[in-house]
Amino acid sequence: MDEKYIKSKGMLVKDILKYNPNSDSEFISKAYDYSYSAHKGQLRQSGKPYFNHCLNTAIILQELRMDDFTISAGLLHDVVEDTEYTKEDIEENFGSEIAHIVDGVTKIGGLSFEKKEVRQAESFRKMLLSIARDIRVIIIKLADRLNNMRTLGYLDVAKKARIANETLDIYAPLAHRFGLARIKWELEDLAFKNLIPKEYKKLARSIDEKRGERENYLEDFKRPLKKELERFEIEAEVVGRAKHMYSIYNKIVVRDVTIDKIYDLMAIRIIVEKLEQCYFVLGIVHTLFKPIQERFKDFIATPKLNGYQSIHTTVIGPGGKRVEIQIRTTKMHETSEIGIAAHWKYKEKKQKDKDFDSHTEWLKNIIEWQKDASDPTEFMEYLKFDLFQDEVFVFTPKGDLHQLPRGATALDFAFQVHSEVGLHCIGAKAGSRIVPLAYELVSGDYIEIITSHNQHPNPDWLKILKTSKAKSRVKRWLRESQKEHSIKLGEEILLRELKRQRFKQHDNILQTLPDKLRVKNLDELYEAIGTGNISVKTVLTHLIPEADLNVEKKAESTFSKFLKRVRKTRGIKVQGMDNMAINFGKCCHPVPGDEIIGFITKGQGVSIHRATCSNATSYIQNPERLVDVEWDVEEGKEFSVGIQILGEDRKNFLRDVVEATSRADTNILNVSLKAEDGFVNNTLILEVKNLNHLTKILKNVQGVNGVILAKRIDRKL
Ligand code: MN
């Protein structure tokens, strides 16, 4: 090995030991040597040894104060891709953890993000899966990309442009998402510099020209501030803050202004030790300088999605100039600069803490969502939405601050508050205004979500929702409810048919079905029937041979029908006799348990009414025709009865009502339905055993969402 490389190895090891005294220098050294010899003889486009790239990637990781594993994997990151060594070789020499990380980085390297949307989506999906397995993969990949961007100058123009664009499209937003702000800014500035060098130089020059002036101004600005901090004995670091070229350029382009108008060039940062000092310092700042109300943001109380915490305020400095100020603690500052990488800092335990989970929740949501995204371009659209958008800040009526990606709707907000709130959201109020679900949130809105327990998601919501988390929740709900309904429907269809075929609903008969029809279980069978994938007839042929089916039918059409008719006219004893011809009043549908009266009619025998029946009153006026009647019911006999149900006109209302009645084990003979003015009026004719049974049915129906009234019908239908 070259003298030079022995020296740089010593420096790397020493620099790591500075922040991590427990570093395993031998391990680092071994990875260094391995990578060096693996890449031996390979040259970069610049003509320099390839290994330089590996070393510089590792140095970037060392500057992020990463642990030994991450730095070693950084040294080895191109070994599998660019040399004859395999993942297995790495595993044998450095263990499976490093081998997996290197493998992840290699896979990302092989993905193509060129414009073809579908391919890009697929590449993205694979990349996110790799990252999800071990977040260190993206930290190394970003270090790798940063070094490549730093050495981009050696490539031809087309290649430069491709890599710079990919950096802006993919890697800078990812760096932002994982909170690696320091890397994000440098990547963007380097891409900017390589893509439009003339603009870059022009901007750099004009920033430079004003540098002296700006620095003088900030010195003047800081003086009273420092004095006050001293007076209150607050140890604080007050530094001028360089704005990044690419963000200045974007502001100039977006706002179409000259550089003089970009006021936030004037920016300082105050770093303190303790959280409460942040607010104290804020107080000092606002006492000294007049704040601009709408530019104040407290990201300490409400961290950004990537974990960023800081207080932002803009004040009017001397001469009426605006100065942007950030106030934060040392720890917040670190997180703001290196984000998720802070979790692999040498001294941190490997355990994943709460912070870590909140940083990666975004990733988990995306991965969850991609499982549901059938169309890759759709996935891409939402991924980009989550990844690239700025945020809007809105408040709950209580004043809790929420942040969502720009473009998010009131419905997205409802889901962010709570998924149960989202699932039942019927509308929202922005301030005092009623707004639709699709209302696009504006920063500063106070949003109140209106819910109704009758509300449920529908497929249109997927068009309204912008955040992947909410979309994935709605998709899941739709899938589950669809399934549940299909199962219920299928079960009802099958059991009704079995009954019609005079099949006793023995469980053991049903239990044989899944095997015969090659489905996993009964629910799956019901679902298949409910969705129409298996017909009831098919199911029946597995229970009864075709011929028998017909025989059954014939049997029913003769004897059983007769039997039914006879049964309908029995169940009453008239003055002690049980063979009188009787009929039941069609006005009041008496059922066993009702108090009844009997009335002799011409040619129709005895007519039975409820004692409370309005028609009965007129009969009572002819007492000579009244006869004593009493119930005499055989087991299994059923009586028809009418019920009226008034409810809100909503989707699936009737279905829910039918479900509620069938839960009480009843047959529905007839259904009629009228809807007007947002209400529905249902009339059901049911078969019930007795009054208790009817009461139970009514109780079930009253429990259905949206039912206003459910009662038995007294009058003629
Ligand atoms: Mn590389």
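As a reminder, the structure under discussion sits directly above these lines.
These numbers were taken from a predicted model, which means no experiment stands behind them. Position numbers for residues count from 1 along each chain, tracking the sequence in the order it is written. It should be noted that, the model being predicted, local features are given only for residues of pLDDT at least 70 and side-chain atom pairs only at 80 or more, the latter also being counted only at that level, while totals for whole chains, interfaces and linings use all residues. Here the side-chain values reflect all heavy atoms present in the structure, with hydrogen atoms and water set aside.

S.K.: Looking at this structure, I do not really get the overall build of the protein chain. What am I missing?
M.R.: Along the backbone of the protein chain there are 29 helices and 21 strands. To sort residues, take the accessible area from a 1.4 Å probe on protein chains only and compare it with the maximum for the residue type: under 20% means buried, over 50% means exposed, and anything in between is partly exposed. Here the protein chain holds 717 residues, and 48% of them are scored as buried. For the protein chain, the share of sequence-separated contacts (at least 6 apart) that also reach a separation of at least 24 residues comes to 66%. For the protein chain, the accessible surface area stands at approximately 37100 Å², while carbon and sulfur atoms represent 50% of it. Segments assigned H or I by DSSP are reported as helices when at least four residues long, segments assigned E as strands when at least two residues long, and all are numbered from the N terminus. For this analysis, residues touch if any pair of their heavy atoms sits within 4.5 Å. Areas reported here follow the Shrake-Rupley algorithm with a probe of radius 1.4 Å; residue values treat only the protein chains shown as occluding.

S.K.: How should the sheet that holds strand β18 (residues 639-648) be read in this particular structure?
M.R.: Each strand in a sheet pairs with another by means of backbone hydrogen bonds, the pair being arranged parallel or else antiparallel. The criterion for strand pairing is that DSSP finds at least two bridges linking the strands in question. What the 4 strands build is an open sheet, ordered β19-β20-β18-β21; its pairing is antiparallel. Either end of the sheet is taken by a strand with one partner, and the two such strands are β19 (667-676) and β21 (707-712). Neighbour to neighbour, the strand axes of the sheet diverge by 15 degrees on average, direction disregarded. In the sheet, β19 pairs with strand β20 (residues 679-688) via 9 bridges, with the strands oriented antiparallel. Its bridge partner being in β20, Leu 673 is matched across the sheet by Asn 682. Only the stretch in contact is used when a helix axis is fitted, and all axes are lines through C-alpha atoms; the angle between N-to-C directions ranges over 0 to 180 degrees.

S.K.: Looking at this structure, I do not really get the coordination of the manganese ion. What am I missing?
M.R.: Six octahedral donors around a metal ideally subtend angles of 90 or 180 degrees, whereas four tetrahedral donors ideally subtend 109.5 degrees. Keep in mind that water is not among the atoms, so a site may look incomplete; donors are the N, O and S atoms within 2.8 Å of the metal, or 3.2 Å for Na, K and Ca. The coordination sphere of the manganese ion, as far as protein atoms go, consists of His 53 (NE2), His 77 (NE2), Asp 78 (OD) and Asp 144 (OD), spread over 2.0 to 2.3 Å. In primary sequence terms, the donor set of the manganese ion follows H-x23-H-D-x65-D. For the pair shown, His 77 and Asp 78 are each scored as buried.

S.K.: What is the right way to read a negative patch on the surface from this model?
M.R.: Every patch collects residues that have over 30% relative accessible area and no salt bridge, joining them within 9 Å if they carry like charges and within 5 Å if they are nonpolar side chains (Val, Leu, Ile, Met, Phe, Trp, Tyr). The salt bridge definition used is simple: a Lys or Arg side-chain nitrogen within 4 Å of an Asp or Glu carboxyl oxygen. Asp and Glu are treated as the negative residues and Lys and Arg as the positive ones, with His and the ends of the chain left uncounted. In plain terms, the charge of a residue is placed at NZ if it is Lys, CZ if Arg, CG if Asp and CD if Glu. Taken together, Asp 628, Glu 630, Asp 632 and Glu 634 make up a surface patch of like negative charges. By the element assignment, Asp 632 lies in the loop between β17 (629-631) and β18. A relative accessible area of 33% places Asp 632 in the partly exposed class.

S.K.: Explain the packing of aromatic side chains here, please?
M.R.: Aromatic ring pairs are defined here through the distance separating the ring centres and the angle between the ring planes. Each pair of aromatic rings taken from Phe, Tyr and Trp, with Trp reduced to its six-membered ring, is defined by centres within 6.5 Å and is described as stacked if the planes are under 30 degrees apart, edge-to-face if over 60, and tilted in the remaining cases. Counting across every chain of the model gives 18 aromatic pairs. Aromatic pair Phe 299 and Phe 393: ring centres 5.4 Å apart, planes at 55 degrees, arrangement tilted. Pair noted here: Phe 299 is in the loop between β4 (297-298) and β5 (311-316) and Phe 393 is in strand β7 (residues 391-395), with a separation of 94 residues, a long-range link. For the pair shown, Phe 299 and Phe 393 are each scored as buried. Put simply, the rings of Phe 27, Tyr 34, Phe 69, Tyr 85 and Phe 94 pair up and form one aromatic cluster. Whether a charge lies above a ring is judged from NZ of Lys or CZ of Arg, which has to be within 6 Å of the ring centre and within 35 degrees of the ring normal. Its guanidinium or amino end placed over the ring of Tyr 50, Arg 44 lies 5.4 Å from that ring's centre, counting from NZ or CZ.

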